[in-house]
Amino acid sequence: MTQPNDSSKPKADRLPSVRGMNDMLPAEAGLWEFFEDSIRAWMHCYGYQQIRTPILEHTRVFTRGIGEVTDIVEKEMYTFNDALNGESLTLRPENTASVVRAVIEHNLLHEGPKRLWYYGPMFRHERPQRGRYRQFYQVGVEALGFAGPDIDGEMLLMCNRLWEDLGLENIQLQLNTLGNAEERAQHRRALVEYFTAHHDALDEDSQRRLQTNPLRILDSKNPAMQALIEGAPKLLDLVGAESRAHFEGVQKILRDAGVPYKINPRLVRGLDYYNLTVFEWVTDQLGAQGTVCGGGRYDPLIAQMGGKPAPALGLAMGVERILELLKARGEEGYKPQTDVYVVHQGAGAQAAAFRVAEGLRDAGLDVLLHCGEGGFKAQFKKADASGAAFAVVIGEDEVKQQKASVKSLREQSHDGQQVKVPFKDLPDYLSEQLLGSEDDDSDEA
Ligand code: ATP
Ligand code: MG
């Protein structure tokens with residue numbers, strides 16, 4: 001029972017965020033926006049169209065789409081029963097299954113193949129650590145209805161361009177092929193035989209996987225298992241001519257474009273639905289969480305989820321990990337820049353300030369209008385702290401003359417110097433000044 005209010009009651013408990021789920025604070029907004037703008041431009045550059053699916057789906061979208069015997073479905077999903085109707089719902093742990101669900105539901109492939117992209121938060125109940133959170137952002141692309149190695153190659157060139165656009169170095173491409181279903185079945189038998197012979201050397205997780213999904217043993221992160229895994233039969237040695245030709249086709253595109261890669265026969269990826277090409281982009285700059293992007297072909301998935309069979313492939317990248325790389329570069333250039341801070345005081349000044357500020361915004365300038373109390377001195381302090389390029393000052397004299405005082409806040413040479421500009425000329429005058437100051441900065445950009 002709740003106690004009646006009394007004044008000696010301790011202060012209310014703090015309300016922390018959920019463990020592993022982070023706030024994006026304003027100080028980081030510039031960095032996120034820089035990344036998001038880059039992503040949008042990058043997607044347009046390759047003709048990908050955006051798709052947004054709900055964050056909540058019926059749980060079976062993921063159990064069917066990701067596979068029952070995966071880390072995600074076995075232990076990482078936020079699943080609950082809707083209190084009103086008892087339906088089992090899940091916060092999306094990834095977006096491929098939802099995209100395929102939507103593509104089937106809206107029959108998006110009836111007019112031919114589609115290049116799609118998405119961006120947004122995903123949810124996985126993992127142990128939070130550097131680069132691993134319970135809510136995290138992914139950018140992903142899905143190319144649906146394309147069968148040949150050309151689209152695989154294009155997707156990899158695309159990633160390579162993104163790292164270049166973002167100015168990120170030291171992200172290496174690792175590549176493998178998982179062959180077709182028959183080749184994987186053959187490999188599976190060889191793996192079961194091999195790991196059964198070394199049963200005592202397997203950790204508990206791997207012993208369980210030996211029964212359920214032996215391929216996943218190769219994905220184990222347990223250092224004690226690595227030597228054993230190193231000696232296991234390689235799928236690459238078992239794949240037939242057709243799978244090999246596809247793999248060779250992808251590699252040729254990379255070689256022609258001069259994109260370096262390394263074949264990693266141990267690369268299997270965490271999800272069940274992959275075939276043929278699989279890849280990861282990895283860096284050694286992020287500690288244990290070094291994979292910034294992973295993907296591959298999942299030709300069986302659309303049919304598995306109830307659609308008309310169609311080949312597909314995709315990738316997803318971890319946004320927080322990429323932002324950490326951007327931050328490590330230590331550049332300051334991500335702060336959004338305000339153009340003008342409008343300072344005003346005295347009779348009629350507020351009305352004039354509103355008119356001037358809206359006029360500048362009409363001209364496309366970013367304007368901070370001083371709101372609240374404060375004399376000129378206090379307002380100037382705020383103007384300086386805002387990072388704006390110019391202060392526009394409106395007092396009683398300025399209202400009488402219909403002219404504002406304009407003061408540069410950035411350039412040393414203009415320090416203290418004020419210019420009077422008629423209200424009606426302000427948009428043109430400031431636009432020109434701002435263009436000029438951009439030119440001055442251009443070699444720093
Ligand atoms: P890992 O082996 O690190 O768990 P994964 O195979 O589960 O990765 P994917 O499902 O392929 O990862 O997701 C694609 C990318 O999303 C990863 O390469 C990573 O950059 C990012 N990612 C995955 N899980 C998380 C997480 N919990 N927190 C932050 N980023 C993540
Ligand atoms: Mg994982």
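Residues numbered from 1 in each chain as written. Chains lettered and ligands numbered in written order. Predicted model: local features only at pLDDT ≥ 70, side-chain atom pairs only at ≥ 80, totals over all residues. Heavy atoms only, no water.

Caption draft 1: Representation of the overall build of the protein chain within the structure. The secondary structure content of the protein chain amounts to 15 helices and 16 strands. Scaling as 2.2 N^0.38, a compact globule of 445 residues should have a C-alpha radius of gyration of about 22 Å, whereas the protein chain reaches 28 Å, well beyond that. Projecting the C-alpha coordinates of the protein chain onto the three principal axes gives extents of approximately 90 × 70 × 45 Å. Taken over 445 residues, the protein chain has a buried fraction of 47%. Across the protein chain, every contact between residues at least 6 apart in sequence was considered, and the portion connecting residues at least 24 apart equals 69%. By element, 50% of the accessible surface of the protein chain is carried by carbon and sulfur atoms, the whole surface being about 23,600 Å². If the 50 positive side-chain charges of the protein chain are averaged to one point and the 66 negative ones to another, these points end up 4 Å apart. (Helix = DSSP H or I, 4+ residues; strand = E, 2+ residues; numbered from the N terminus. Rg over C-alpha atoms; globule rule 2.2 N^0.38 Å. Buried < 20%, exposed > 50% of the residue type's maximum accessible area, 1.4 Å probe, protein only. Contact = heavy atoms within 4.5 Å. Areas by Shrake-Rupley, 256 points an atom, 1.4 Å probe, with all protein chains shown as cover. Lys, Arg positive; Asp, Glu negative; His and termini not counted. Charge placed at Lys NZ, Arg CZ, Asp CG, Glu CD.)

Caption draft 2: View of unusual backbone geometry. Even without being a glycine, Leu276 presents a positive backbone phi close to 45°. When you line up the elements, Leu276 lands in strand S9 (residues 275-282). Phi at Gln402 takes a positive value of approximately 55°, unusual for a residue other than glycine. By the secondary structure assignment, Gln402 is in the loop between helix H14 (396-401) and strand S15 (403-408).

Caption draft 3: Spatial organisation of the site of ligand 1. With respect to spatial proximity, 15 residues lie near ligand 1, and among them Arg124, Glu126, Arg132, Arg269 and Thr291 are the closest. Thr291 places a main-chain nitrogen or oxygen 2.8 Å from an oxygen atom of ligand 1. Gly318 places a polar main-chain atom, nitrogen or oxygen, 3.3 Å from an oxygen atom of ligand 1. Considered on its own, ligand 1 offers 590 Å² of accessible surface; in the complex 90% of this is hidden by protein. (Near = heavy atom within 4 Å. Polar contact = N/O pair within 3.5 Å; in protein donor to acceptor, adjacent residues only side chain to side chain.)

Caption draft 4: The arrangement of the domain arrangement of the protein chain in detail. Segmentation of the protein chain into domains returns domain 1 (11-180 + 239-328) and domain 2 (340-434). Measuring from the centre of the C-alpha atoms in domain 1 to the corresponding centre in domain 2 gives 47 Å. (Domains from an automatic or database assignment.)

Caption draft 5: Main features of the sheet that holds strand S13 (residues 367-369). Taken in spatial order, the 5 strands of this open sheet run S13-S12-S14-S15-S16, and their pairing is mixed. Pairing within the sheet leaves two strands with one partner each, and these edge strands are S13 and strand S16 (418-422). The average undirected angle you get between the axes of adjacent strands in this sheet is 25°. With 5 bridges joining them, strand S12 (residues 340-344) and strand S14 (residues 390-394) adopt parallel strand pairing. (Pairing = 2+ DSSP bridges. Axes fitted to C-alpha atoms, helices over the stretch in contact; angles between N-to-C directions.)

Caption draft 6: A look at the packing of helix H6 (residues 181-197) against helix H7 (residues 204-212). Here H6 crosses H7 at 140°, and the two axes come no closer than 10 Å. Of the two possible hands of crossing, H6 and H7 adopt the one that is left-handed. Residues Arg188, Val192, Phe195 and Thr196 of H6 touch H7, and the partners they reach there are Leu210, Gln211 and Thr212. (Left-handed = near helix turned anticlockwise from the far one by under 90°.)

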